[in-house]
Each structure stands twice: as C-alpha cells, then as structure tokens.
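# Coordinate inspection notes
Residue strings, one per chain:
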Amino acid sequence: MALETRTVLGLDVGTSRIVLASQSNGAFQYESMLNAFVKVPYSKMTENSLRRVGVSFTTRGEELMVLGDEAPQFADLLGAETARPMTLGVLNPGEVEAVPVVRSIIESMVPVGERKPKLYFSVPAAPLNGEEALTYHEATLRQMFGELGWECRGINEGLAVVYSELEDTNYTGIGVSFGGGLCNVALAYLSMPAISFSIPKGGDFIDASAAAVTGDLANRIRITKEQDFHFNGHYVDQLHQVLTVYYDDVIQAVIAGMKDAFTRTKLPKLTKAVPMVLSGGTACPPGFRDRFEKALKSTDFPVVVSEVRMAKDPLHTTAKGALIAALTEM
Amino acid sequence: MADPMERLRYLRAASVPTVIRPVRVIQRRWKIAAATGVMAIVAIPYYQSSMVVEASKPAVTVQRSLQDQWPDIWMVDQSETAESYSNGLRIEIEGAVHGPRRSYVWLDQATGKVHTGGTVPVGIVYHTTESHIAPFDRAHNGDLKALGRGILSYVRDDRSYHYLIDRFGRVHRVVAEQDAAGHAGYSAWADSRRAYAGLNHSFLGIAFELATEPGAESSSVATPAQIRAARELTEMLRSRYQILAVNCVTHAQVSISKITDRVGDHADWAGNFPFAEMGLPDNYGLPIAGIYQFGFGWDHNYRTTTGARVWPGLALSGVEQQTRARAQGLSVAAYRKNAQQVFKEMMEIQ
C-alpha cells in the first residue's frame, strides 16, 4: 500500500468487521477484516505455516491468536469458538484480548514504517434511553491510535453514512447503519447532526435469536443469512421464516426508536422531505429496503421522508463517510 | 459549489466544532449551519416538459398482444361517498385526495422518439402495503378495522396509490384517477407500441392491504374478498381506459434501482400475484422492459426472489436485449448504455 498518497484514512470499527477506506488517484479503496480471533496452541511449525500462507496472527505467551477473516476456518478445524473483541458496538470489557486484537487487526491493515496516517474512526451513538457507555470505548481507541503516533478523530457512525451518501441533498437527511451489534441513526441538517442515537439490536441479535429457536449454531445462521437470505420470496425452510421474524424485530425497533427520538426532540424546521439512507451488513439482504420502507409507511412518522434508499456500497459506507470527513477537515 | 467535497468542507467549516462527538441530541448547531451554509446549496437543473429526446429506434419489438377485448363495465350509481359499477364493484370515494396532474412521457417504439403530454392511464401496477396485519378472523374484527383505517389514512397523506383494497375487500380511492400517485417512482414498462419511464403518471397503482408471508401463495395472503374486489376493479379500469392486459403488472416487474442500475428494486408481488384470478394472462412470463428496453441489468437475487414464474420472462429479456443491440450494430454494453441514457432523460423530462 502506497501511503504517500493514502495518508488520510477512514476507519469503520464495527462489531462484526473493521473496514479501512482510503483514496488513491481520486478513487475510494477499501480493505476489510472480520473483527474476530481464535486462540491456537503455540508451536514453531504453526507459526511458520501461518506466516507462509499470509494469515494475520499475533503471539500471546503460549498461544497464537489467528485474527480476522481466517479465524472462523481455524475455529472450525479446532472445534473452537471464534472470539469477538467487540460487543454491541463497543470494545467488549469482558474480553481481555479485545484491545490487543483490535490493534493488531488495524495495524495489519495499515502497514507500519510509512508516514503516520491521519484518520477519522467511527464511534457509535449512545443508546436511546440508555446510559452513555461509550467513554471507555472511544477513549481506548484514541489512546491506541495515539500510541501508534496516528492523528485521529471520532465521527458518529450515522453521520458518516450521511457524509457518504447524501451529497445530493447537501448532507441533509437521515443515515442509518444496520451493524452487527447496533443500529446507528443520525439526522443531519446541512452536514450538522441534529440528533443521533443507537438501538442495541443488529445482526448478532438476529443470529442469536434465530439460533435459539432452531437449535442451530449462531455461526451457521450467520452464514445462511449472509449467503442466501432474502425477503418477499418463496422461502424453503423454517430458518428463513425465523430470520424474517427477527429481521422484522430489528426493523420495528429502529423505526420505533426514530419515531420516539424525532418526536421528543426539537428538530430543525425541514422545509422539504428528507431522504433516508440504509447501510451496513444487516441491511444487505435483497428486499430489505422494501420491507423497511413499507414498515416505515405504516407508522405515523414525525419526519417527512422523500425516499428510502440503500447506500451505494452498504458494507463500506461508514468507512467512506469517515474518510470524507477526514478529507474535508484534516 | 459543484464539488461535493468542497461543499461539505464549506458547510462544516461554517459551523462544525473540530471534534464531532457521539452525542444524542445537538439542537443548536443546525441553526448556525442553516444561517451560514444555505448559500452553498446548489440548485438542481430540470428539463422543460416540452423537450423531446431522440432515442434509438428498436429493431425488433417484443410481441405483445394488442388485440385485447375489454369488458363493458359502466357506472351504475354515484353518491358523495361511493360509486357502484355494473360488475358489482363498489368504490369508497370519501376522503380521496388529489395529486399532481397526470402528464407523462413515452417512447414511440416505431419512431424511437420520446413524446410528452400523455394524460390517459395506460396500465396498472399492483402493490402490497406490507403494513401491520391482524389475523383475519372474527375475534380480530376491531384490529382489522383499525389497521385498515390507519393504512388508508397514511397512504392518502402520502398519495401513495390510486386505490387501496382493505382486508375486507373494500375498495378505497386514494388519489383521483386523473392525477399521478407516488406508487412506482423509478420504474419502466413497455408494450409493442410504446415504452414508459417513471410509471407514477402513466400507470394506475392498486395496493392490497397485506404483508407478504415468505413462501405463501397469493391465495393464502390475500383474502378472497380482496381478490374478488381486485378483479372487479381491474375490469372497470381496463374498460374505462382500454388498458392492455400486458400492461397490468406487479411492482416487482417494473421497479429499477437508482443505485445499482438493476431491475427489482421493490419486491411487491415478486412471484405470487394471482393474475389468473384478475382475469389476466400470467404476465410473469413477459420480458422485463427495464432490461430489454432500457438496458438495465438483473442479478441472482432478483431471480431468487421472484421465483420460477418470472424466469422465462427474464430469459426473454436477455435475448431481446442482445437482438436489439445486434440490430443496431452495437455491443450489448453500448446498447445498454444508450438505452439507460434514454431512460434517464425520460425520467428527467417527467
């Protein structure tokens, strides 16, 4: 990676994936890694093998930690569970390896030895009606980037969606990121966040809930969900029906949250209907946008929405928005 | 300010603190932004409605029957609250609203030219509301009525469709027939004479109050009363406007994604609309105009979501697209690019 032209970065630190956005010759580029790891007993042969095939790993005492996209494969081989350094959008305080794993994953995506990057990283909004539990998460990431010598700033995840997708309305509208741990919402007016909040449900909630009903492993549910789940079609098995139920639960929770928040908050006077953009991995199944829009239309929504649209590249939207923020401010 | 990045830089510099924190409510900054940033708003150009766009003349046309026979349906009675028709149809008209006056563009398949000023509806798009649905039984009568009232009120405020058929099979006029309703947006359809882009103005929208159940057949999601009412309404509208049977299609068949340039942005009645019960041929077998006429693509997800009834039409669409490209001496990619440009210009004129 030629950092001479890519020193400004956008980083989406998500519960499920970490996505790095950069710009080269005017084009946006992305790298992505699963935010997961698995511990493997240390041996020199294993270490050499991992190095030879280019698998990201780090050594911790008597163990090797396989990081990122390859972690599930190793977990399968070893009959172990993959571990997740983050939960519900923030660093998992119960996982002692959380910070070193996230740091290792990010360092593996941004080569050392080049010019120190400047970056905007995504941070979730506080949960609606909940206690703000983000200080530890954001402060820890800031400290981590500081130790690496990187200049960093945080950007609200929903606002990043607005920056990425709503240039046609002068960055006025509603950005929603359906993530693995949380759904983040921001309503922005002329690029300014008027309100932002999160809903503590996302892809992990769907997986775990469906697994509890079907008796399958959550990992298998996740794979099915990502590979061939869709709405409004001819579903072939119970799993698809169960997934639909929990997807609807997430959709209803987000819409109810928006309705509640927008009703209780004194918002800017919007003279025109505003667009709503959906992004994130949990919003990717075909038919999701349609399902969401129909649910939205069936409620007495306090903001007039001109259209509900999918982000151009839902898996990279937050990272792109963070990069745009970085490019315009740093 | 044409460059969006420059615009964002300007807006943020006008009012943004150096660090944006993940706070829940920020109520004052938008006012500053409004005061200082409004000058950066760029006016969106628009096309005059009289503009005519030259389009490529299609070399061949998909064979679609124009030899339709329309039933003779007439209005029997009319009051301030309802209309009744000779086929048993009754339309509740109290509370119907107006939308923008109908005026649409179309592409003449014979000359390849785009014309403006169409005022007579030429087709029907069937939708589902995907709203909250109560079990259809006696014990839930109160819920059924309340939900029906709620969705009717919403779609009238939103001017979403021309007609809504509630769970009891009552037909409600939502938007006046002579006006446009916002039911189809970015969409396309065609018959052998004309092609249409943006069907809000050219097609009537009929919505069934129902939520699609995965894997369910239409007979189990729509109530018998809804299906009967939809058939009567379809007959009346086809009779009144001489609507071709091939122009009675579902939202899933006509919608196009602005983002991906593929068909199937919406999935209403994706694969289980009861065409036969409407007195219509199985129009799922028709090629998709968004693909062959306007050059848009489709993907595996669309194929999966729609199901086997739509696949013959999809296959035909690809063949027709290639045939048209060959006839014009173009590569498929070049044909698609040109056709999409025509669609976009028609949408802008609209």
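Look above for the structure.
Let me sum up the structure you'll find in this document. Keep in mind the model is a prediction, meaning the values are calculated, not measured.

### Some thoughts on the overall build of chain A
Secondary structure assignment for chain A yields 10 helices and 15 strands. Within chain A, the proportion of its 330 residues that are buried is 59%. In chain A, 67% of the contacts between residues at least 6 apart in sequence involve partners at least 24 apart. Within the structure as shown, chain A displays about 12700 Å² of accessible surface, and the carbon and sulfur contribution to it stands at 51%.

### Remarks on the overall build of chain B
Broken down by element type, chain B carries 11 helices and 12 strands. Expressed as a percentage of its 350 residues, the buried residues of chain B come to 53%. Contacts in chain B between residues at least 24 apart in sequence constitute 69% of all its contacts with a sequence separation of at least 6. Surface summary for chain B: the accessible area is close to 15100 Å², and the carbon and sulfur share equals 52%.

### Digging into the pairing of strand S4 (residues 104-108) of chain B
Where burial is concerned, most of S4 of chain B is hidden: four out of the five residues are buried. Hairpin remark: S4 of chain B followed by strand S5 (residues 114-118) of chain B, antiparallel, with five residues in the connecting loop; positive phi at Gly112 of chain B, about 75 degrees.

### A few points about the nonpolar core
Nonpolar side chains tend toward joint burial in soluble globular proteins. Core analysis: the biggest nonpolar cluster contains 68 residues, and Ile91, Tyr126, Leu233, Met236, Leu237, Trp269 and Phe294 of chain B have the highest contact counts within it. Sorting elements by how many residues they give to this core places helix H6 (residues 224-241) of chain B first, with six residues. With near-sequence residues (within four places) excluded, Ile91 of chain B lies in contact with Thr81, Ala82, Glu83, Tyr85, Tyr163, Val171, Arg173, Leu233 and Met236 of chain B. Judged by nonpolar contacts, the second largest core, of 43 residues, contains Leu128, Val185, Tyr247 and Ala261 of chain A.

### Comments concerning the packing of helix H7 (residues 218-228) of chain A against helix H8 (residues 238-264) of chain A
Two quantities define a packed helix pair, namely the angle between the helix axes and the distance between the axes. Residues and elements named next belong to chain A. In the contact formed by H7 and H8, the axes pass within 11 Å of each other and the chain directions differ by 85 degrees. With respect to H8, the axis of H7 lies roughly perpendicular. For the pair H7 and H8, the contacting residues are Arg220, Ile221, Thr224, Lys225 and Asp228 in the first and Leu239, His240, Leu243 and Tyr247 in the second.

### Considerations on the packing of helix H5 (residues 157-165) of chain A against helix H10 (residues 317-329) of chain A
Residues and elements named next belong to chain A. Orientation of H5 relative to H10, taken along the N-to-C sense of each, is 80 degrees, at an axis distance of 7 Å. Judged by the inter-axis angle, H5 sits roughly perpendicular to H10. Facing H5, whose interface residues are Glu157, Ala160, Val161, Tyr163, Ser164 and Glu165, H10 presents Thr317, Thr318, Lys320, Gly321, Ala322, Ile324 and Ala325. A breakdown of the residues in the contact of H5 with H10 according to their chemical character gives six nonpolar, four polar and three charged.

Criteria and thresholds
- Residues numbered from 1 in each chain as written.
- Chains lettered and ligands numbered in written order.
- Predicted model: local features only at pLDDT ≥ 70, side-chain atom pairs only at ≥ 80, totals over all residues.
- Heavy atoms only, no water.
- Helix = DSSP H or I, 4+ residues; strand = E, 2+ residues; numbered from the N terminus.
- Buried < 20%, exposed > 50% of the residue type's maximum accessible area, 1.4 Å probe, protein only.
- Contact = heavy atoms within 4.5 Å.
- Areas by Shrake-Rupley, 256 points an atom, 1.4 Å probe, with all protein chains shown as cover.
- Pairing = 2+ DSSP bridges.
- Core = buried A, V, L, I, M, F, W, Y, C linked by side-chain atoms within 4.5 Å.
- Axes fitted to C-alpha atoms, helices over the stretch in contact; angles between N-to-C directions.
- Parallel < 35°, antiparallel > 145°, perpendicular 65-115°, else oblique.
- Nonpolar A, V, L, I, M, F, W, Y, C, P; charged D, E, K, R; others polar.

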